[in-house]
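Architecture and fold: a report
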Amino acid sequence: MDVSLPLEAQIEKLEEKVKEAQLPSDLLERIQEEISLLRGSLKEGSSGGSFVNFENVANYVNWVTSIPFSRQTKDILDINLAKKVLDKNHYGLSNVKNVILEYLSSLILNMKTGVDKGVRAPILCLVGLVGTGKTTLAYSIAEAFGRNFERIPFGGMGDASDLRGKSRVSPDATPGILIKSIIKAQSKNCVILLDELDRVTEEGKRDIMGVLVEVLDPEQNKYFVDHYIDYPFDLSKVLFVATANNTTGIATAVLDRLQLIQMPSYSDEEKIVIAKNYLLTKIRNEAGLSESQLSINEDVWPGIIRPLGFDSGIRSLQRTIEGICRKVARMIVEGKTQSVQITNENVKEFLTTQ
């Protein structure tokens, strides 16, 4: 909004924005009434109060008109493509992939019937230690369906209003992170990752879990009300995927709405394949290096995958390869070399001391 314009002109711009937005009729009527009252107060001449009121109404209109009440992406209903996406992004994990493909198959059948059931419970919840691939599996599900993807981190969340928003009467009130994620995705059938459900604070756990029950329950989530928006939004089209390191911090009522999938630890052999075929190329490209500028001998990998001992996931392995790539990039930029081959004789020079 151009604040240099007179309030009257700014109100006209708000009205134009509301007309262009595809809002539910009763919500549209409510907003038009608010703008009408705002225009009336402006005519009465209390400019200071009118400006404050204008800011409140303008912020509300901007948020509401950004919500995709009727916008959604077209689903890709191809289970064979879904399998290819999972195999492309994840090595191994055959049991986990099979459960996901069975879950997606059920969704696809319902969607192909044309019956508008929304996404029914239970919600997939990937449970496992850090670095076992939980988050990237959620990305893959979104990619397989051709849906937009958003992530909501629950680690450290301590107030249910972070999720559901604050009333407009509160200072600095905004929508909760759930509606903000929908707005960012610009699609009411996006995939939303509820990441690390077990890591909310003890103080806020009860209220946050209460909101989650409403969000995940197919009988309730059709009418989810964010306290700031104060109008029901249909979450039934959203495909939620959850993750957790373990289930001890998750309320029983939430667990009842989840299908738990245990993520296995990676063996050394699996890590070597992942490092060579997935991680190295990606990280090397991100560091600005070509294949000819950095190569790693086959017999070096056992020492790279566990420089600090056993790790169930690949997070430490990823950081190790990132460290190697950065060291090589610096050597090339400083003119010390044009290419590096990592061998058992020089590998220690490139392993980051942690």
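Structure's up top.
Notes on the structure in this doc start here. Please read these numbers as outputs of a predicted model, since none were measured by experiment.

1. Section: the packing of aromatic side chains
Tallied over the full model, the rule gives four aromatic pairs. Ring geometry for F69 versus Y231: centroids 6.1 Å apart, planes at 80 degrees, classification edge-to-face. With F69 in the loop between α3 (47-64) and α4 (79-89) and Y231 in the loop between β4 (224-225) and β5 (232-233), this residue pair connects regions lying 162 residues apart in the sequence. Look at F69 and you get buried, because its relative accessible area is 14%. Here the aromatic cluster, defined as three or more aromatic residues joined through ring pairs, consists of F69, Y231 and F233. Positioned over the ring face of F145 is R147, at 5.4 Å from the centre of the ring. Of note, R168 hangs over the ring of Y60, and the distance from its end group to the ring centre comes to 3.8 Å.

2. Observations concerning the pattern of salt bridges
According to the stated counting rule, one finds 16 salt bridges in the structure shown. The partner of K97 in a salt bridge is D87, with the nearest N and O atoms 2.9 Å apart. Here D87 lies in helix α4 and K97 lies in helix α5 (residues 94-113), a separation of ten residues in the sequence. We classify D87 as partly exposed; its relative accessible area is 32%.

3. Comments concerning the sheet that holds strand β1 (residues 123-127)
If you walk across this open sheet you meet the five strands as β2-β3-β6-β1-β7, and the pairing is parallel. The sheet is open, and its two borders are formed by β2 (149-153) and β7 (258-262), each paired with just one other strand. Going across the sheet, the axis of each strand differs from the next one's by a mean of 25 degrees, ignoring polarity. Where β1 and strand β6 (residues 239-244) come together, four bridges link them in parallel fashion. Residue pairing across strands places V127 opposite A244, the latter belonging to β6. Of the strands in this sheet, β2, β3 (191-195) and β6 touch helix α8 (residues 177-185), which is tilted by about 160 degrees from β2.

Conventions used here
- Per chain, the residues get numbers from 1 upward, laid out in the order the sequence is written.
- Only residues with pLDDT of at least 70 get local features here, since the model is predicted, and only at 80 or more are side-chain atom pairs given and counted; chain-wide, interface and lining totals rely on the full set of residues.
- Side-chain numbers come from the whole structure's heavy atoms, not from hydrogens or water.
- Each aromatic pair joins two rings of Phe, Tyr and Trp (for Trp, the six-membered one) with centres within 6.5 Å, and gets the label stacked for planes under 30 degrees apart, edge-to-face for over 60, and tilted for any other angle.
- Helix and strand definitions here come from DSSP, where helices need a minimum of 4 consecutive H or I residues and strands a minimum of 2 consecutive E residues; each element is numbered from the N-terminal end.
- Here's how the labels work: a residue is buried when its accessible area is under 20% of the maximum for its type, exposed when over 50%, partly exposed in between, all with a 1.4 Å probe on protein chains only.
- A ring has a charge above it when a Lys NZ or an Arg CZ is no more than 6 Å from the ring centre and no more than 35 degrees off the ring normal.
- Should a side-chain nitrogen of Lys or Arg be within 4 Å of a carboxyl oxygen of Asp or Glu, the pair is scored as a salt bridge.
- What makes two strands pair is DSSP finding at least two bridges between them.
- All axes here are fitted lines through C-alpha atoms, helices being fitted over the stretch that makes contact, and every angle between N-to-C directions spans 0 to 180 degrees.
- Residues count as neighbours in contact if any of their non-hydrogen atoms are within 4.5 Å of one another.

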